[in-house]
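Inside the fold
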Amino acid sequence: LFPVRFNQIQKMLDFYSQFNPSPLSIKQFIDFGLNACESKSYIFLRKELPVRLANIMKEIALLPENLLRTSSASQVSAWYARSFEEVIQFEKTEPTQSNLEKFCSTLVQIRNRHSDVVQTMAQGVIELKESQGNVEPSTESSIQYFLDRLYMSRISIRMLINQHTLLFGEFPNENQGRHIGCLDPACDISSVVQDAYENARFLCDQYYLASPELILREHNSLENKYPIRTVYVPSHLYHMLFEIFKNSMRAVMEHHDHDHSDKLPPLQVIIVQGKEDICVKISDQGGGIPRTHMDHLFKYMYSTAPQPSKSDMHTVPLAGYGYGLPISRLYARYFHGDLVLMSCDGFGTDAVIYLKTLSDEANELLPIFNKTSTKFYKSTVPTGDWSSQGSVMNARQMNAAI
Ligand SMILES: O=S(=O)(c1ccc(O)cc1O)N1Cc2ccccc2C1
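Presented here is a report on the structure given in the accompanying data block. Given the structure is predicted, the values throughout are model-derived calculations rather than measurements. (Residues numbered from 1 in each chain as written. Predicted model: local features only at pLDDT ≥ 70, side-chain atom pairs only at ≥ 80, totals over all residues. Heavy atoms only, no water.)

Focus: the nonpolar core
- Grouped together as the largest cluster of nonpolar side chains are 107 residues, with contacts concentrated most on Phe84, Met121, Leu147, Leu150, Tyr151, Leu241 and Phe245.
- Of the residues forming this core, the biggest block, 14 residues, is contributed by helix α8 (residues 137–168).
- Excluding residues that lie within four positions of it along the chain, leucine 147 makes contacts with Met121, Val125, Tyr300 and Tyr323. (Core = buried A, V, L, I, M, F, W, Y, C linked by side-chain atoms within 4.5 Å. Buried < 20%, exposed > 50% of the residue type's maximum accessible area, 1.4 Å probe, protein only. Helix = DSSP H or I, 4+ residues; strand = E, 2+ residues; numbered from the N terminus. Contact = heavy atoms within 4.5 Å.)

Below, the structure written as structure tokens:
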């Protein structure tokens, strides 16, 4: 039985991975959600979900052997295979009421099955580092490339599942207020900033018995309308802000060996609406970090240290080892925004979240499995083409130079 079923899935994987995922814009999510039709959503998803699952499953198969063979990575691979198998059952079935209900519960099952993918892959990276000792640069860059694409794909699949289950699940529309699924058509950015600040501050007070104040400003260069609002997924914006506030607060508290006399330097946040971008800049005076350390902050391999034991998780300082910054940057990039850090070593760090002002420009950014991505896994890290180390002159050169 198993080989037949396995071959069957392989054929379906090859079939669906030939299609490119279809990115949706925030505007499309909103327009569809305003008069949502469950069977139309079903007909779109029963094709699009297998396409997105198949595309990332093909990349999982290209992972560096030594990571793919860890029990954690193979566990994640098994979850994807199971979910793919479940969702292709709906390929040829009509959108009858009972199939629509079964489809909805299958989506909930899939979302639950994959809830721990990030932690489990982090465990796989730890297993790899323990078994391999120091990992060679080409493996590290493949893992960085892959995990960014795996987590972006996961963000997009969970977005599709959440929209369908929220629009057609057990809480019918009216309970959602003005929200369309997990999208808020009039998301008040400053209130999400204040929520994230208050919650990070609570943790900071618990751990450090003090916390920096918040100074929040808005500047709207487009129109004279405040507070600045945009169509966005509040939970995504909250995730990014909460992560940044934790980092900034930890920096301020650990950097300032302040005797109780001098006050803590406050966190300054400005929200700006321009004609193309909306920016949220969070500035701290937490001492900053050198440029040489900056790119480690977004590395999965570097930021994965042996997890603190569950017991002292609540005592771990604000910004644990976690994948907070790389994943937050993926949330920002998901709808064609970005998350950028500018640090002044010895003074502090600015974190800027960029969002698109126009919802029809805020398209999903999706990884595509094709020859380009395949080549990336095969390639070696290119040799440097800029000289930097002081070259040692030989005697002849020295004499010639004098
Ligand atoms: O690297 S940071 O400049 C830094 C990084 C991201 C961010 O959002 C804010 C920041 O401030 N910073 C994090 C941290 C933690 C403990 C002690 C000192 C520091 C300095």
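Quick word on the site of the ligand
- Residues in contact with the ligand amount to 13 residues; listed here are only the nearest, Asn247, Asp284, Gly288, Ile289 and Thr349.
- Here an oxygen atom of the ligand and a side-chain polar atom of aspartate 284 are 2.7 Å apart.
- Contact distances for the ligand include 2.6 Å between an oxygen atom and a side-chain N or O atom of threonine 349.
- Protein coverage of the free-state accessible area of the ligand, which is 440 Å², stands at 86%.
- Mapped onto the shell around the ligand, the elements with two or more residues apiece are α10 (234–255) and β6 (338–344).
- For the shell around the ligand, the per-class residue count stands at five nonpolar, five polar and three charged. (Near = heavy atom within 4 Å. Polar contact = N/O pair within 3.5 Å; in protein donor to acceptor, adjacent residues only side chain to side chain. Areas by Shrake-Rupley, 256 points an atom, 1.4 Å probe, with all protein chains shown as cover. Nonpolar A, V, L, I, M, F, W, Y, C, P; charged D, E, K, R; others polar.)

Re the pairing of strand β7 (residues 348–356)
- Most of β7 is tucked away, with seven of its nine residues classed as buried.
- Relative to β7, strand β5 (residues 277–284) is paired through eight bridges, and the arrangement is antiparallel. Residue pairing for β7: cysteine 279 is matched across the bridge by tyrosine 354.
- Bridging between β6 and β7 involves seven bridges; their strand directions are antiparallel. Along β7, the bridge assignment pairs methionine 342 with aspartate 350.
- In this structure, the hairpin formed by β6 and β7 is closed by a connection of three residues, where glycine 346 is found at a positive phi of approximately 100°. (Pairing = 2+ DSSP bridges.)

A closer look at unusual backbone geometry
- The linkage connecting tyrosine 226 with the following residue, proline 227, adopts the cis geometry, with an omega of -5°.
- Looking at the secondary structure, you find proline 227 in the loop between β2 (214–220) and β3 (229–232).
- Despite not being glycine, histidine 336 shows a phi value in the positive range, around 65°.
- Positionally, histidine 336 belongs in the loop between α12 (324–334) and β6.
- Under the relative-accessibility criterion, histidine 336 is labelled partly exposed at 36%.

Some remarks on the side chain of asparagine 55
- The topology assignment puts asparagine 55 in helix α3 (residues 38–60).
- Residue asparagine 55 is classed as buried on the basis of its relative accessible area of 2%.
- A polar contact is formed between the side chain of asparagine 55 and the backbone oxygen of phenylalanine 19, at a distance of 3.0 Å.
- The residues contacting asparagine 55, other than those within four sequence positions of it, are Tyr16, Ser17, Phe19, Pro21, Ile368 and Phe369.

Considerations on the environment of glutamine 18
- Secondary-structure assignment places glutamine 18 in the loop between α1 (2–17) and α2 (26–34).
- Assessed through its relative accessible area of 61%, glutamine 18 is described here as exposed.
- Sequence-wise, glutamine 18 and phenylalanine 369 are 351 residues apart; in three dimensions their C-alpha atoms are separated by 8.3 Å.

A word on the sheet that holds β7
- Read across the open sheet, the five strands follow the order β2-β4-β5-β7-β6; overall the sheet is mixed. Sheet topology places β2 and β6 at the edges, where each strand pairs with a single neighbour. Ignoring strand direction, the axes of neighbouring strands in this sheet form an average angle of 15°.
- Here α12 sits on the sheet in contact with β6 and β7, set at roughly 130° to β6. (Axes fitted to C-alpha atoms, helices over the stretch in contact; angles between N-to-C directions.)

What about a nonpolar patch on the surface?
- Residues Met393, Met398 and Ile402 make up a contiguous nonpolar surface patch of roughly 340 Å² in combined accessible area.
- In this structure, isoleucine 402 sits in the segment after α14 (395–401). (Patch = residues over 30% accessible without salt bridge, like charges linked within 9 Å, V, L, I, M, F, W, Y side chains within 5 Å. Salt bridge = Lys/Arg side-chain N within 4 Å of Asp/Glu carboxyl O.)

Comments concerning the packing of aromatic side chains
- With the rule as written, the count across this model stands at 17 aromatic pairs.
- Ring centres of tyrosine 232 and phenylalanine 335 lie 6.3 Å apart, and the angle between their planes is 70°; on these two criteria the pair is classed as edge-to-face. Here the residue tyrosine 232 occupies a position in strand β3, and phenylalanine 335 occupies one in the loop between α12 and β6, the gap between them amounting to 103 residues. Each of the two residues, tyrosine 232 as well as phenylalanine 335, counts as buried.
- With 4.9 Å between their ring centres and 80° between their planes, tyrosine 300 and tyrosine 323 make a pair best called edge-to-face. Taken together, the residues tyrosine 300 in the loop between α11 (291–294) and α12 and tyrosine 323 in the loop between α11 and α12 connect sequence positions 23 residues apart. (Phe/Tyr/Trp six-rings, centres within 6.5 Å; stacked < 30°, edge-to-face > 60°.)

So far we have only geometry, and geometry alone does not tell us how the molecule works.
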